[in-house]
Structure formats: C-alpha cells, structure tokens
Amino acid sequence: MYYSKTKKKGRHMFLGIVQQIVLGVSLAAPVGPINIEMLKRGIEKGFWHAWAVGLGGMTADILFMILIYCGLSSFFTYTPVQLFMYGVGFFLLFHLGFMSIKQGISKGEMEYIKEEIGGVKESYVTGFFIALSNPLNLIFWFGVYGSTLSSLLTRVSQQEAILYSFCIILGIILWNINIAFSIHFGRMLLKPRMLGWVTTAAGIVLVGYSIHFAYKAIELMI
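Conventions used here
- Residues numbered from 1 in each chain as written.
- Predicted model: local features only at pLDDT ≥ 70, side-chain atom pairs only at ≥ 80, totals over all residues.
- Heavy atoms only, no water.
- Helix = DSSP H or I, 4+ residues; strand = E, 2+ residues; numbered from the N terminus.
- Buried < 20%, exposed > 50% of the residue type's maximum accessible area, 1.4 Å probe, protein only.
- Contact = heavy atoms within 4.5 Å.
- Areas by Shrake-Rupley, 256 points an atom, 1.4 Å probe, with all protein chains shown as cover.
- Salt bridge = Lys/Arg side-chain N within 4 Å of Asp/Glu carboxyl O.
- Axes fitted to C-alpha atoms, helices over the stretch in contact; angles between N-to-C directions.
- Parallel < 35°, antiparallel > 145°, perpendicular 65-115°, else oblique.
- Left-handed = near helix turned anticlockwise from the far one by under 90°.
- Nonpolar A, V, L, I, M, F, W, Y, C, P; charged D, E, K, R; others polar.
- Core = buried A, V, L, I, M, F, W, Y, C linked by side-chain atoms within 4.5 Å.
- Phe/Tyr/Trp six-rings, centres within 6.5 Å; stacked < 30°, edge-to-face > 60°.

**Thoughts on the overall build of the chain**
Counting its secondary structure elements, the chain contains 9 helices and 0 strands. Along its sequence from the N terminus, the chain presents helices and strands in the succession α-α-α-α-α-α-α-α-α. Within the span of the chain, comprising 222 residues, buried residues form 42% of the whole. Taking the contacts inside the chain whose residues are at least 6 apart along the sequence as the reference set, 87% of them involve residues at least 24 apart. Carbon together with sulfur atoms contributes 71% to the accessible area of the chain, which is approximately 12,100 Å² in total.

Right under this line is the structure:
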C-alpha cells in the first residue's frame, strides 16, 4: 500500500516536472524581442553572444520569480508602474532596432557590424534589460505564473513548488540553447549580403515591438 502511494506520487511529480518544462519552452518559443535579439547577435557574433542574450533574459525571469515569492506581484499591477515599463521597453527596443537596421543596410559589410555589436557582457546586459522592461514578460510571470504558483501551493509542498518553478527556467534554458546553436551553425550558410538583410529584418521587428509598446502606453494614459 505504501509502495503504491509512493509510486503514484513519484509519477505525479514526474508529470508535473515535464509540464513545467514544457511551459518554460512555450514561454520562450514565441518570436519576441529576446529571440529577435538572439538571432541578430548570433548571426553577427556566433553562439556565445546569442546565448548571453538568452542568459540575461533568464536572469530577469529568475528575478521576477523571486519577487513573486516575496509577495511583490501586486506592485506591478499599478498603472504608473506599467506605464513606466512600457516607456522603457519602447525606448530600449526602438534603439536596438534602429541600430540593427543601420548596421544591416551599411553596404552589407559585416566587419562594421562586428565592431558595433560589443562583447559578450554587453549581450548579457542587453538581454537582461529587454526581459526586465518587456511588459509581455511581466504579464506571464505576474499573471500566468502567479496564478499557477497559487494553485500549486494548494496541492504540493513549498519545496515542490520551487522545484516546479525552476523546471520552467530549465525549459527556457533548453529552448535558448537550441536557438543559439541553430543560429551559430545556420550563419555559416549565409553570405554577407544575406546576413545584412537578416539583421535589417530583425531591426524592423524590434522597432515594430517598440511601436506596440508605445501604443499600449498611450492606451493606459487615455
């Protein structure tokens, strides 16, 4: 009887872990500012720069997770805070997008781009601030994850809830590694002119996200 209960509990925990990993992959997979910046930097500099952007984004995700555990999720529901985040997101993504477009159309000379992109540390910091100022990221962590955590705490222990939470991060890590490797090896198949086009397209998408954030900020002010 005891063995049967233990086996059932183990199976339930395994399924819970798999579900949270899939949730993490689902969070990271949609094309968003982080993925676009990983694409741009990975094409220009390779695996480590793409991975550094993803790692910076995951650092912000872990920070959000800690804030939720500390009970600070309600702070981000205030309109002035959301307005500030949309504003920061607009300026950051517009700047990154504009610079990407400028680099992409600079006669397709990738050497110029390589000089402009900076080091791995800069890629990490960029990823961190993109994730930190992305309101869509906030919606997931303080909305979807917040409600998921509340549900988990009614069914499992706090230790298990923490385990499941880090399984979400594991899912994000797995997806980011996949993206970084794919970009690193895919860039070898592209000619300099094509790389310039991809960089320009990535910049246009980032500018599009910045305009969307500006629109959402205006909606909050009306």
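**Considering the pattern of salt bridges**
Summed over the entire model, instances satisfying the criterion amount to 4 salt bridges. Residue Lys40 pairs with Glu37 through a salt bridge whose shortest N-O separation is 3.4 Å. Of this pair, Lys40 and Glu37 both sit in helix H2 (residues 33–45), 3 residues apart, roughly one helical turn. An identical accessibility class is assigned to Lys40 and Glu37; each is buried. The salt bridge partner of Glu37 is Arg41, with a shortest N-O separation of 2.5 Å. Of this pair, Glu37 and Arg41 both sit in helix H2, 4 residues apart, roughly one helical turn. Here Glu37 and Arg41 have matching classes, each one buried. Beyond isolated ion pairs, a larger network of salt bridges with shared partners links Glu37, Lys40, Arg41 and Glu122.

**Considering the packing of H2 against helix H3 (residues 47–69)**
Between two packed helices, both the angle of their axes relative to each other and the distance between the axes serve to describe the pair. The geometry of H2 relative to H3 is characterised by a closest axis approach of 6 Å and an angle of 155° between their N-to-C directions. The angle between H2 and H3 places the two elements in the roughly antiparallel class. The way H2 lies across H3 gives a crossing that is right-handed. Across the interface between the two elements, Ile34, Glu37, Met38, Arg41, Gly42 and Lys45 from H2 touch Phe47, His49, Ala50, Val53, Gly54 and Gly57 from H3. Its residues assigned to classes, the contact of H2 with H3 shows 5 nonpolar, 4 polar and 3 charged.

**A few points about the nonpolar core**
Counting residues in hydrophobic clusters, the biggest one holds 39 residues, and the most contacted among them are Leu93, Trp141, Phe142, Tyr145 and Ile172. Elements with a minimum of two residues in this core: H2, H3, helix H4 (79–104), helix H6 (120–132), helix H7 (135–153), helix H8 (158–186) and helix H9 (192–221). With sequence-adjacent residues up to four places away left out, Tyr145 is seen in contact with Met65, Ile68, Tyr69, Phe140, Ser165 and Ile168.

**Digging into the packing of aromatic side chains**
Evaluated as defined, the whole model comprises 7 aromatic pairs. Considering the side-chain rings of Phe47 and Trp48, the 5.0 Å spacing of their centres and the 80° angle between planes classify their relative orientation as edge-to-face. By relative accessible area, which is 13% here, Phe47 ends up buried. Ring-pair connections join several aromatic residues into one group, and the members of that group are Phe47, Trp48, Phe181 and Phe185.

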